[in-house]
Amino acid sequence: LLTVVEFLSFSILYYSHTRKRTLRLLITINALIFFTIAIWDAIWGRGIWISNDLARGYAASSMIIYVLGYLYYLFTIDDTRYMWEYPMFWICIGALVYFAGNSPYILSKLQLIETNLGVEWLFHLVHGGLNIIANCLYAQSFRCFKKQETTAAPQSFY
């Protein structure tokens, strides 16, 4: 359930910052594909008692694509001098740190548990550390809302 809520929240966030119809359609289709994969993985796949590596792996790779697309847009706009004042910049950096840093762990968690529990525990600690860093970056985005009112922030993604 956490994976579904997390991915749908990020998809809604990027959807709301996108103005092009084709990108909105792609985000909607991607969310539907993810939801189908998550339901299949929970019901007919491994079940709800085993880690959902398939759904989390798909969500992580999709999030990395969302983030890189938005950062590309953000770096191509004319006025990038005050980029650190845009809340979406900090959200993108937090998502990139978390999802890109944890993708190998997410995809190989069950394999690590079966083969070497000590290495899995080390990766689990790294996962927790990256989660704390990402949440601090998300908190920084909330601090930028007041600054966003005084500066001109980008209004649309592509």
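This text gives an overview of the structure that appears in the document. The structure displayed is predicted, hence computed values, not measured ones.

## Topic: the overall build of the chain
Thinking step 1. The secondary structure content of the chain amounts to five helices and zero strands.
Thinking step 2. Each helix and strand of the chain, placed in order from N terminus to C terminus, yields the pattern α-α-α-α-α.
Thinking step 3. The 158 residues of the chain split such that 39% are buried.
Thinking step 4. Long-range pairs, those at least 24 residues apart, make up 72% of the contacts in the chain with a sequence separation of at least 6.

## Comments concerning a nonpolar patch on the surface
Thinking step 1. A surface patch of nonpolar side chains, about 650 Å² in accessible area, is lined by Phe35, Ile39, Trp40, Ile43, Trp44 and Leu54.
Thinking step 2. A per-element tally of the nonpolar patch places helix α2 (residues 21–45) first, with five residues.
Thinking step 3. Positionally, phenylalanine 35 belongs in helix α2.
Thinking step 4. Take phenylalanine 35: its relative accessible area is 38%, and that puts it in the partly exposed class.

## Side note on the packing of aromatic side chains
Thinking step 1. For the structure shown, the criterion picks out 11 aromatic pairs.
Thinking step 2. Consider the rings of phenylalanine 7 and phenylalanine 34, whose centres lie 4.3 Å apart with planes at 45 degrees: the pair is tilted. Separated by 27 residues along the polypeptide, phenylalanine 7 in helix α1 (residues 2–16) and phenylalanine 34 in helix α2 bring together distant segments of the chain.
Thinking step 3. Under the relative-accessibility criterion, phenylalanine 7 is labelled buried at 2%.
Thinking step 4. The exposure class assigned to phenylalanine 34 is buried, which follows from its relative accessible area of 0%.
Thinking step 5. When the centroid spacing of 6.1 Å and the interplanar angle of 20 degrees are considered together, the rings of phenylalanine 7 and tyrosine 66 count as stacked. Separated by 59 residues along the polypeptide, phenylalanine 7 in helix α1 and tyrosine 66 in helix α3 (residues 53–76) bring together distant segments of the chain.
Thinking step 6. The class of tyrosine 66 is buried, set by a relative accessible area of 9%.
Thinking step 7. Taken together, Phe7, Tyr14, Phe34, Tyr58, Tyr66, Tyr70 and Tyr73 form an aromatic cluster joined through their ring pairs.

Scoring rules and cut-offs
- Residues numbered from 1 in each chain as written.
- Predicted model: local features only at pLDDT ≥ 70, side-chain atom pairs only at ≥ 80, totals over all residues.
- Heavy atoms only, no water.
- Helix = DSSP H or I, 4+ residues; strand = E, 2+ residues; numbered from the N terminus.
- Buried < 20%, exposed > 50% of the residue type's maximum accessible area, 1.4 Å probe, protein only.
- Contact = heavy atoms within 4.5 Å.
- Patch = residues over 30% accessible without salt bridge, like charges linked within 9 Å, V, L, I, M, F, W, Y side chains within 5 Å.
- Areas by Shrake-Rupley, 256 points an atom, 1.4 Å probe, with all protein chains shown as cover.
- Salt bridge = Lys/Arg side-chain N within 4 Å of Asp/Glu carboxyl O.
- Phe/Tyr/Trp six-rings, centres within 6.5 Å; stacked < 30°, edge-to-face > 60°.

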